[in-house]
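Here is what each chain is made of, one letter per residue.
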Amino acid sequence: MKIRTNEELEQINASLVTYNENQWDFLGVIEQKAENYEYFNDMRDVSFDKPIRNASYTIRIVLLTALGVLFITALALFLLYKGGLIGLSDKAYQEVKEAANINEQDTLQVITGDKASTDERLAVNNLLSNYLATLQQQGGYSFLDTIVKDSNFNSTYINYTNQIQSSFDLNDCYARALRAFGSYIKLKSVDEVIIEPSTGEYYAYIQIYYPSELDVKDYVNANRYAYTKYFTSANSLDTASVMRYMLDNLAVAKFSPSTSKYIQVRLIKQDGQFIIVDDSVFTELAIQGYSECIEQIMNILRNVN
Amino acid sequence: MAFSKVIAFQTHTKFIIPCAGKLFYSNIEKEQQALGLVLNKGYFESPSLQDLLVLMDELNINLFIRVGNIDRIIKKDKSIVYRQRIYFKSLLQLLIFLKQNGIILDIADTFKVTINNLLNVIDELPKLEYIAHQQGVDIETYLTDACKIHLHCLLTSLNMYSVFRNQIPRLIRRKGYLDLAPFLVSSYSIKQHTSSLFIEPKSSIVPGMFSYEEIYDKEDLKIGYTLANIEKYFAKEKQR
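These numbers were taken from a predicted model, which means no experiment stands behind them.

## Points about the overall build of chain A
Move 1: Secondary structure summary: chain A contains twelve helices and seven strands in total.
Move 2: Per-residue burial for chain A yields a buried fraction of 42% across its 305 residues.
Move 3: Across chain A, every contact between residues at least 6 apart in sequence was considered, and the portion connecting residues at least 24 apart equals 71%.
Move 4: Here chain A has roughly 17,100 Å² of accessible surface; of this, 53% comes from carbon and sulfur atoms.

## Quick look at the overall build of chain B
Move 1: Counting secondary structure elements, chain B contains seven helices and eleven strands.
Move 2: Burial statistics for chain B: of 240 residues in total, 58% are counted as buried.
Move 3: Taking contacts inside chain B between residues at least 6 apart in sequence as the whole, the part at least 24 apart equals 70%.
Move 4: Of the roughly 10,900 Å² of accessible surface on chain B, 51% is carried by carbon and sulfur atoms.

## Regarding unusual backbone geometry
Move 1: Despite not being glycine, Gln138(A) has its phi angle at roughly 60°, a positive value.
Move 2: Phi is positive for Lys78(B), close to 75°, though the residue is something other than glycine.
Move 3: Here Lys78(B) shows up in the loop between strand S5 (64-74) and strand S6 (80-88).
Move 4: The exposed category is assigned to Lys78(B), whose relative accessible area is 67%.

## Digging into the packing of helix H8 (residues 170-182) of chain A against helix H11 (residues 239-252) of chain A
To characterise two packed helices, one gives the angle between the axes of the helices and the distance between these axes.
All names here are of chain A.
Move 1: Contact geometry for H8 and H11: axes closest at 9 Å, N-to-C directions at 30°. Classed by the angle they form, the pair H8 and H11 counts as roughly parallel. Considering how the two elements wind past one another, H8 and H11 form a crossing that is left-handed. Of the residues in H11, those touching H8 at Leu 170, Cys 173, Tyr 174, Arg 176, Ala 177, Ala 180 and Phe 181 are Thr 239, Ala 240, Met 243, Arg 244, Met 246, Leu 247 and Leu 250.
Move 2: The residue makeup of the contact of H8 with H11, split by class, is eleven nonpolar, one polar and two charged.

## Topic: the pairing of strand S7 (residues 273-276) of chain A
Residues and elements named next belong to chain A.
Move 1: Taken together, the four bridges between strand S6 (residues 260-270) and S7 define a ladder with antiparallel strand orientation. Paired with Lys 269 across the two strands is Phe 274, which belongs to S7.
Move 2: Counted between consecutive antiparallel strands, the loop separating S6 from S7 contains two residues, among which Asp 271 sits at a positive phi close to 55°.

## Quick look at the confidence of the model for chain B
Close reading of the predicted structure is inappropriate where its pLDDT is low.
Residue and element names in this part refer to chain B.
Move 1: Confidence along chain B averages 86 in pLDDT terms, with 93% of residues attaining 70 or more.
Move 2: Looking at the elements of chain B, mean pLDDT is at its lowest for helix H1 (residues 2-10), recorded as 48, and at its highest for strand S1 (residues 14-17), recorded as 95.
Move 3: Scored below 50 in pLDDT, residues 1-9 makes 17 contacts in the model with residues more than four places away or belonging to other chains.

## Brief notes about the packing of aromatic side chains
Move 1: Using the criterion set out here, one finds 24 aromatic pairs over all chains in the structure.
Move 2: Centre to centre, the rings of Phe26(A) and Tyr43(B) are 5.8 Å apart; their planes meet at 40°, and the pair counts as tilted. Of this pair, Phe26(A) sits in the loop between strand S1 (17-20) and helix H2 (51-54) while Tyr43(B) sits in strand S4 (residues 41-46), each in a different chain.
Move 3: Its relative accessible area of 7% is what places Phe26(A) among the buried residues.
Move 4: We classify Tyr43(B) as buried; its relative accessible area is 7%.
Move 5: Here the aromatic cluster, defined as three or more aromatic residues joined through ring pairs, consists of Tyr160(A), Tyr174(A), Phe181(A), Tyr184(A), Tyr219(A), Phe255(A) and Tyr290(A).
Move 6: Taking the ring centre of Phe168(A) as reference, the NZ or CZ of Arg176(A) above it sits at 3.9 Å.

Cut-off values and rules
Residues numbered from 1 in each chain as written. Chains lettered and ligands numbered in written order. Predicted model: local features only at pLDDT ≥ 70, side-chain atom pairs only at ≥ 80, totals over all residues. Heavy atoms only, no water. Helix = DSSP H or I, 4+ residues; strand = E, 2+ residues; numbered from the N terminus. Buried < 20%, exposed > 50% of the residue type's maximum accessible area, 1.4 Å probe, protein only. Contact = heavy atoms within 4.5 Å. Areas by Shrake-Rupley, 256 points an atom, 1.4 Å probe, with all protein chains shown as cover. Axes fitted to C-alpha atoms, helices over the stretch in contact; angles between N-to-C directions. Parallel < 35°, antiparallel > 145°, perpendicular 65-115°, else oblique. Left-handed = near helix turned anticlockwise from the far one by under 90°. Nonpolar A, V, L, I, M, F, W, Y, C, P; charged D, E, K, R; others polar. Pairing = 2+ DSSP bridges. pLDDT = per-residue confidence, 0-100. Phe/Tyr/Trp six-rings, centres within 6.5 Å; stacked < 30°, edge-to-face > 60°. Lys NZ or Arg CZ within 6 Å of the ring centre and 35° of its normal.

Right, here's the structure in full:
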C-alpha cells in the first residue's frame, strides 16, 4: 500500500478531469471500448447454453433421425441423378451453377504496365490478408495506420467514437455497425498486380466478398420475423434502436455474404514494404452494407407498423 | 489492509451500482435453465483522493478491471468526490472485497432493470410481463424490485450492511412476490460458458419473499424463474 505525499496528491488532482454531477456519465467512457464489450452492456454471447448439446434426449434423437433420413434421401437422389434417371440438361445446369455464384462484373479500368513479380504478388496478398483480418477482428484498427497511408477506415471509426456521448447513441451504433460490416469483407483472390510505369505505383486487382444489397436483402428477409416481433412491442422505431437491435441480431443469426466483386487497390513501396495508399473502398463497402440493412429493416417495419 | 479499512469507514467510501447488466439463461442443472440478472459494473466514490488511490492499489486486477480514469465530481451540494469506474465478473468477489475494506454497497437512485436488459432473453418478455402483471406491477418495477431484494438477501447472508433493509417491507408487495423472479448472478465467465446463481440460504430469506417454507422439492428448485417452474405455472394458468 502506497501513501502519497501532499505534493503527489496535488499533482494527481491537477491531472483529473472535473465534472458536475449531472454531466458525469457512467457509461460515457470510450477508452478500451473495443475490448470491454461486457462493460458496455454488450454481452456477445446470447446464452451460456450450448443448444444442441443441452437439448433433451428426445429432441436429440428426433434431430439425429431427421438428419439420417435427409442423408439417405440425398444419397438416393444422387445415385438416381448419376444413373441418368433424373437430372438437368446441360444448359439448365449451367444456368443454375452461374446463378449460385453471383459475381458482379464491374467495369474496372485496368491500367497498362508491367506485371509485378511473384514475390511482390505474394507480399501484396499477405498485406491485403492482414488488412482484412484486422477488419474481421473488429478491433485494433490503429494497426491499419501502419499498413495504410492514413487509413480512412480507422479515421472514420475514430470519428464516430469521438462523438459518442452515451452507450448506443447514434454515433456508437454507427461505430459498431462499421465494425460489424467491415468484418464481412473477405479476400477471395488477388488476380493481378500491375506496376504503373510513370509513378511506380502498384495496382492490385482483387476479388472480395462483401455485404451486397442482395445479400443484405436476403438476410433481412430471412430474419423479418425477429424484427417485426420485437418492434411491435413497446419499442420506439428510430434509427438508433433499429440499429441496436440489428447489431444484436447479427451477433445471433449468422450473416455470410456470398457476393463478390472486383476492386482496384493502390499500393506503394516504402523501405521495401508495401503499404496501401487508399483504403476508402473498404469503408464505403461497409457503410453501404449497413445502410442498406437499416433501410431494408425500416421498409419491413413500416409495412407492418 | 487494516489501515485502508479504517480509512474507508471514516471517510465513507462507497461502491455504487448505477445500472444492471443483462439477463441471460444460466444452466443450473443438466437440462434445466434459469434466468439470471448480471450486475457487473459500478464505481467507487470517495471524498478523499488518497483513500481512493489506496483502494485502487489494493484492487485485485484478476477480479476487477478499472475502466477509464479517476474523475473529480462536484456534487449538487457543492461537495467534491472522486470516482473510479470498475468492471467485475463476480458480484460475490466484489462483496467480499467491500466487506474486507469496510465499504458500503449502494445503488444509484436511477437504477432500473428495463426491457433493454432483456435483449438476450427477449422470448421471455411476454411471460415476465404476465408474471409482473399478476403481481400488480409493470415489468420494470418487478425486475428492479427482485434485484434489490436479492441483493439485500445476499448482503445479509454475508453479514454486511444492507442499504435496502428499510425498503424491503415496501418492496415485497405480496406473499410469494419472488416465486417466479429471475435470480441474481453471483459470477460468470463468457469464455468458459459458466455462471453461478445466488440462491438465498434459509437464514437470509425475507418473510413473504417466497410462498414456500422449503425452496427445494427433493432436488428441484421450487422458486425462481427456471424454465421448469415457468412451464408448470403457465400450465396451471391455462387450466384456470
